[in-house]
Amino acid sequence: MAAGYLDILRTRHAARLLAGTLVGRLPNGTAHIAIVLFTRAEGGSYTLAGALAAAYGLATAVGQPLLGRAVDLYGQPRVQLPAAVVSALGMAALALVGLGPLPAAYAAVVVAGLFTPPLEGGLRALWPTVLGREDRVHRAYAMDAVAQEVMFTVGPLLVTVLVSLRSPAAALLVINAIGVLGALSVVLSEPSRTWRSAPREAHWLGALRSRGLLALLGAFFFVGLALGSITVAGVAYADDHGRESVYGWLMAALGLGALVGGAVYGARQWAGAPERRLRVIVALLALGYLPLMLTPGVPAMTALAALAGVFLAPAIACSFIVVDRHAPRGTVTEAFSWLVTTFGVGAAAGTAVAGPAVELGGTAWSFAVAGAGGVAALLVLLATGRVLAAPGRTPAVVAGSENDRNGAAEPGFSSGHKA
């Protein structure tokens, strides 16, 4: 299993791009907890903290596909680095000005969210050029999904350490400065500097004119909803058992399950169409979420949480392959950014729905939201099976194409555009 991942990391540029992207995404992965801690330290209420975090999340959801389209049009360095700097300046303004005039605080987080660089989509657009063979790219997608789980575990811990050592304002400044350095590392690399999207057909809908992509986005809205609801349901479960540490155990178990599932999934080659494989994985994901409604004792619940996480990273990794197959020519970064946005909006909706579910029916009902989200995602994939079974164009690379200047990719595999 490890040999395949080491083979990828030993490939020229691969480790730098993965590490730079993860570091560059650190501000986005930690923004919500950093904003909440900062707001509370400034004397703001939890309601205000939640509102500021929601404003940041909404702005990010709007900005990601727009910046992704700009990357496809103008290249990575001309968009990613300026966006990272502007986003960091937005957070710096919040840290330095505080909650003084509230409109200024809202403006700061909106600017920070709106200009969050689409590094995640950009990395997936680069993998085919860097790695060449289709099986290696698919493994890199799985490794990327696993690395995300590590970042979302380590990132909040880093914020809390910085807060304890200095202050929430210092945490905001340091995390965002680190993020700019990560983006800089990516855009100065040769693959990022030389990458060009394929010529695209002018269309105001951009990537969204693909019916297959729309079907996938619809499904992953509900996957995001399921995951978002678990974060609220986990807090309610911890409250029921009188220990805040229980929440940490549940989230750690969920992350561990995703790490194991993603690592196993990426360690082997899979036959057959990825669209069919995605339906099976999402079905297993839904089955993993449903037993959480039983809310047994802490040891058993922790085990169920680990089981629920097993199929999350494989579902995300497989979705990357499906995006690449359905993204219209010249829109690959935008398409990946839409997936990030839809997943994030779904997660926000899940947290919004799970709260009232706890109030109305207790903890079990909030976990039922997660199960319902998984089932709804599966139903979308089943209902749109014919659309997903027919990619708009067959992925292909021609020698000397814009995205494969060195002829690294194998014939018949996409390097970020469609033939």
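These numbers were taken from a predicted model, which means no experiment stands behind them. (Residues numbered from 1 in each chain as written. Predicted model: local features only at pLDDT ≥ 70, side-chain atom pairs only at ≥ 80, totals over all residues. Heavy atoms only, no water.)

## Regarding the overall build of the chain
Then, number 1: Across its full length, the chain holds 18 helices and zero strands.
Then, number 2: Every one of the 419 residues in the chain was classed for burial, and the buried ones make up 54%.
Then, number 3: A sequence separation of at least 24 residues applies to 81% of the contacts in the chain between residues at least 6 apart.
Then, number 4: Roughly 16,800 Å² of accessible area belongs to the chain as shown, and the carbon and sulfur atoms make up 68% of that amount. (Helix = DSSP H or I, 4+ residues; strand = E, 2+ residues; numbered from the N terminus. Buried < 20%, exposed > 50% of the residue type's maximum accessible area, 1.4 Å probe, protein only. Contact = heavy atoms within 4.5 Å. Areas by Shrake-Rupley, 256 points an atom, 1.4 Å probe, with all protein chains shown as cover.)

## Details of the confidence of the model for the chain
Then, number 1: On average, residues of the chain carry a pLDDT of 82, and 89% of them reach 70 or more.
Then, number 2: Confidence scores differ between elements of the chain, with helix 1 (residues 2-10) showing the lowest mean pLDDT of 76 and helix 5 (residues 77-97) the highest of 94.
Then, number 3: Note on residues 393-419: pLDDT under 50 across the span, and 72 contacts to partners over four residues away in sequence or across chains. (pLDDT = per-residue confidence, 0-100.)

## Some remarks on the packing of helix 11 (residues 211-240) against helix 13 (residues 274-289)
Then, number 1: At a closest axis distance of 12 Å, the pairing of helix 11 and helix 13 adopts a crossing angle of 20°. As judged from the angle between their axes, helix 11 and helix 13 are roughly parallel. Seen along the crossing, helix 11 lies across helix 13 with a hand that is left-handed. Of helix 13, the residues touching helix 11 (which contributes Leu 216, Phe 220, Val 223, Ala 226, Leu 227 and Ile 230) are Leu 278, Leu 285 and Tyr 289. (Axes fitted to C-alpha atoms, helices over the stretch in contact; angles between N-to-C directions. Parallel < 35°, antiparallel > 145°, perpendicular 65-115°, else oblique. Left-handed = near helix turned anticlockwise from the far one by under 90°.)

## Topic: the pattern of salt bridges
Then, number 1: In this structure the tally under the stated criterion is five salt bridges.
Then, number 2: Between Glu 120 and Arg 25 there is a salt bridge; the shortest N-O distance is 3.1 Å. Linking Glu 120 in helix 7 (residues 119-131) with Arg 25 in the loop between helix 2 (14-24) and helix 3 (26-41), this pair joins segments that are 95 residues apart in sequence. Each member of the pair, Glu 120 together with Arg 25, is buried.
Then, number 3: Of the charged contacts in the structure, one is a salt bridge between Arg 325 and Glu 275, with a shortest N-O distance of 2.8 Å. With Arg 325 in helix 15 (residues 312-326) and Glu 275 in helix 13, the pair connects residues that are 50 residues apart, well separated along the chain.
Then, number 4: On the accessibility criterion, Glu 275 (4% relative accessible area) is buried. (Salt bridge = Lys/Arg side-chain N within 4 Å of Asp/Glu carboxyl O.)

## Things to note about helix 5
Then, number 1: Between its terminal C-alpha atoms helix 5 stretches 30 Å, which fits the 30 Å expected from 21 residues at 1.5 Å a residue.
Then, number 2: Taken together, the buried positions of helix 5 are occupied by Val 79, Gln 80, Ala 83, Ala 84, Ser 87, Ala 88, Gly 90, Met 91, Ala 92, Leu 94 and Ala 95. (Expected span 1.5 Å × (residues − 1).)

## A word on the packing of aromatic side chains
Geometry of an aromatic ring pair is reported as the spacing of the ring centres plus the angle between the planes.
Then, number 1: In this structure the tally under the stated criterion is three aromatic pairs.
Then, number 2: Geometrically, the ring pair formed by Phe 221 and Phe 222 is edge-to-face, given 5.2 Å between the ring centres and 85° between the ring planes.
Then, number 3: Residue classification places Phe 222 among the partly exposed positions, given a relative accessible area of 26%.
Then, number 4: Ring centres 5.4 Å apart and planes at 20° place the aromatic pair Tyr 265 and Trp 270 in the stacked group. (Phe/Tyr/Trp six-rings, centres within 6.5 Å; stacked < 30°, edge-to-face > 60°.)

## Quick look at the nonpolar core
Then, number 1: Trp 127, Phe 220 and Tyr 289 are the most contacted members of the largest nonpolar core, which totals 106 residues.
Then, number 2: The element that contributes the greatest number of residues to this core is helix 11, accounting for 13 residues.
Then, number 3: Excluding residues within four positions of it along the chain, Tyr 289 makes contact with Ala 226, Leu 227, Ile 230, Ala 308, Leu 312, Ala 370 and Gly 371. (Core = buried A, V, L, I, M, F, W, Y, C linked by side-chain atoms within 4.5 Å.)

## Let's talk about the environment of Ala 171
Then, number 1: By the secondary structure assignment, Ala 171 is in helix 9 (residues 168-187).
Then, number 2: Looking at Ala 171, the relative accessible area reads 1%, which means it is buried.
Then, number 3: Along the sequence, Ala 171 and Leu 158 sit 13 residues apart, while their C-alpha atoms lie 8.6 Å from each other.
Then, number 4: Beyond its immediate chain neighbours, meaning those up to four positions away, Ala 171 contacts Val 159, Leu 162 and Val 163.

## Focus on unusual backbone geometry
Then, number 1: Positive phi outside glycine occurs at His 13, with the angle close to 80°.
Then, number 2: By the secondary structure assignment, His 13 is in the loop between helix 1 and helix 2.
Then, number 3: Not every positive phi belongs to a glycine, and Thr 295 is a case in point at roughly 40°.
Then, number 4: Locating Thr 295 in the fold gives a position in the loop between helix 13 and helix 14 (298-309).

## Some points on a nonpolar patch on the surface
Then, number 1: Together, Val 280, Leu 284, Leu 287, Leu 290, Met 293, Val 375, Leu 379 and Leu 382 line one region of the surface with nonpolar side chains, adding up to about 660 Å² of accessible area.
Then, number 2: Where the nonpolar patch is concerned, the elements lending two or more residues are helix 13 and helix 17 (363-383).
Then, number 3: Among the secondary structure elements, Leu 379 is positioned in helix 17. (Patch = residues over 30% accessible without salt bridge, like charges linked within 9 Å, V, L, I, M, F, W, Y side chains within 5 Å.)

## Quick word on the environment of Val 163
Then, number 1: As for its position among the elements, Val 163 is in helix 8 (residues 134-165).
Then, number 2: Spatially, the C-alpha atoms of Val 163 and Ala 41 are 10.0 Å apart, while their sequence positions differ by 122 residues.

## Quick look at the side chain of Ser 192
Then, number 1: The topology assignment puts Ser 192 in helix 10 (residues 190-194).
Then, number 2: Residue class for Ser 192 comes out buried when judged on its relative accessible area of 0%.
Then, number 3: Side-chain polar atoms of Ser 192 contact the side chain of Gln 76, separated by 3.0 Å.
Then, number 4: Not counting the four nearest positions on each side in its chain, Ser 192 is found in contact with Gln 76, Pro 77, Leu 126, Val 186 and Val 187. (Polar contact = N/O pair within 3.5 Å; in protein donor to acceptor, adjacent residues only side chain to side chain.)

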